[in-house]
Structure formats: C-alpha cells, structure tokens
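Structure assessment
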Amino acid sequence: MADHINQNGITYGQRKLELMQEACRLQETPLTDENTDQDGNTISPVFRVKLFNPVGSWSWYVQDWDGSDICFGYVVGDFPEWGSFSLSELASIKGGLGIGIEIDTHFLPVSVEKSGVV
C-alpha cells in the first residue's frame, strides 16, 4: 500500500478522506453487509487498515465498511472498544501540531485473534 498512498503534505480534509477510502479499497476491505451473517456475526474478522494519530495514542482498525464513509472495527483510545466510525470525521481532524490522522501504509491485514490488539 505504501507504493500507492502518498500522504506527504496532506494532513486533513477531502484529499485525506480520498486517501483513506483508497486504502480501504486497496486492502480489499469487505462491505459490512457482506461481512455479516444473518445472526449479526462477522464472517471475516480481519483488520484490513490501520489509522492512527501520530501525536496521540488513538488508533482505528478497520474490519469492514459501507464502501464510502462508515467503518466498523476496533478503536484503541481512552476506552478501547468495537464500534463504527466515520472516515470523513477522521479526515477532518487537524490534530496536534496540525498533523491529521494518518494511514499506516505498512500495516498488513491480520486476523483479529492474531493481531494482539484486542
């Protein structure tokens, strides 16, 4: 992914959102509807994309998404938890020192159970 996602100088805004969406597509992040069975269980529990605050302690691990904005995954912050989060909201964060939320371009998809995150 590092060969396809260049964040140099792009800290937040529409272009950052487009890069986050591209990261989800490049890592073949499944659509939430296709990754959930009729009982609401996850079919493929794999973290595909990692987003993080480079000047803070928060990270967002994307498991699946709606194909546009809303992701489902694991958020490591003040209170680590599973839940939904918005790429457009994350892309709009200027962050400390003017550095926005970054895409970990070296993160490789990993099963939730082997990730060591949860």
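Quick note: structure is the one above.
So, a few notes on the structure that sits alongside this text.

1. Here we look at the nonpolar core
- Of all hydrophobic cores here, the largest spans 21 residues; its most connected members are M20, L51, W60, F85, L87, L90 and I103.
- Taken together, the elements giving at least two residues each to this core come down to α1 (14-26), β2 (49-52), β3 (59-65), β4 (70-76) and α2 (87-91).
- Counting residues per element, this core draws most heavily on α1, which supplies five residues.
- Those residues within four positions of L51 in sequence are excluded, and the remaining contacts are M20, S59, W60, L87, L90, I101, E102 and I103.
- Core analysis: the next-biggest nonpolar cluster, separate from the first, contains five residues, F47, Y74, F107 and V112 among them.

2. Considering the state of the cysteines
- Inspection of every chain in the model, using the stated rule, returns zero disulfides.
- C71 provides the cysteine sulfur closest to C24, a residue in no disulfide bond, and the two sulfurs are 4.5 Å apart.

3. Some words on the side chain of S86
- Within the fold, S86 resides in strand β5 (residues 81-86).
- Reaching out from S86, the side chain makes a polar contact with the side chain of S88 at a distance of 2.9 Å.
- Among the polar contacts listed, one links the side chain of S86 to the backbone nitrogen of E89, at a separation of 3.1 Å.
- Excluding anything up to four places from it in sequence, S86 contacts D69 and I70.

4. Side note on unusual backbone geometry
- Not every positive phi belongs to a glycine, and E28 is a case in point at roughly 50 degrees.
- The exposure class assigned to E28 is exposed, which follows from its relative accessible area of 64%.
- In this structure, L97 takes a positive phi of about 60 degrees despite not being glycine.
- Note on L97: relative accessible area 78%, which makes it exposed.

5. Structural notes on the pattern of salt bridges
- Tallying each qualifying case throughout the model produces four salt bridges.
- In this structure, R25 engages E22 in a salt bridge whose closest nitrogen and oxygen atoms are separated by 3.5 Å. Taken together, the residues R25 and E22, both in helix α1 and three residues apart, mark about one turn of the helix.
- Classification of R25 as partly exposed rests on a relative accessible area of 45%.
- Note on E22: relative accessible area 30%, which makes it partly exposed.

6. Concerning the sheet that holds β5
- Read from one edge to the other, the open sheet built from five strands follows the order β5-β4-β3-β2-β6, with strand pairing classed as antiparallel. Edge positions in the open sheet fall to β5 and β6 (102-103), since each of these has one partner strand only.
- As judged from the four bridges shared by β2 and β3, these two strands associate in the antiparallel manner. In the strand pairing of β3, K50 is matched with Y61.

Rules used in this analysis
Residues numbered from 1 in each chain as written. Predicted model: local features only at pLDDT ≥ 70, side-chain atom pairs only at ≥ 80, totals over all residues. Heavy atoms only, no water. Core = buried A, V, L, I, M, F, W, Y, C linked by side-chain atoms within 4.5 Å. Buried < 20%, exposed > 50% of the residue type's maximum accessible area, 1.4 Å probe, protein only. Helix = DSSP H or I, 4+ residues; strand = E, 2+ residues; numbered from the N terminus. Contact = heavy atoms within 4.5 Å. Disulfide = S-S within 2.5 Å. Polar contact = N/O pair within 3.5 Å; in protein donor to acceptor, adjacent residues only side chain to side chain. Salt bridge = Lys/Arg side-chain N within 4 Å of Asp/Glu carboxyl O. Pairing = 2+ DSSP bridges.

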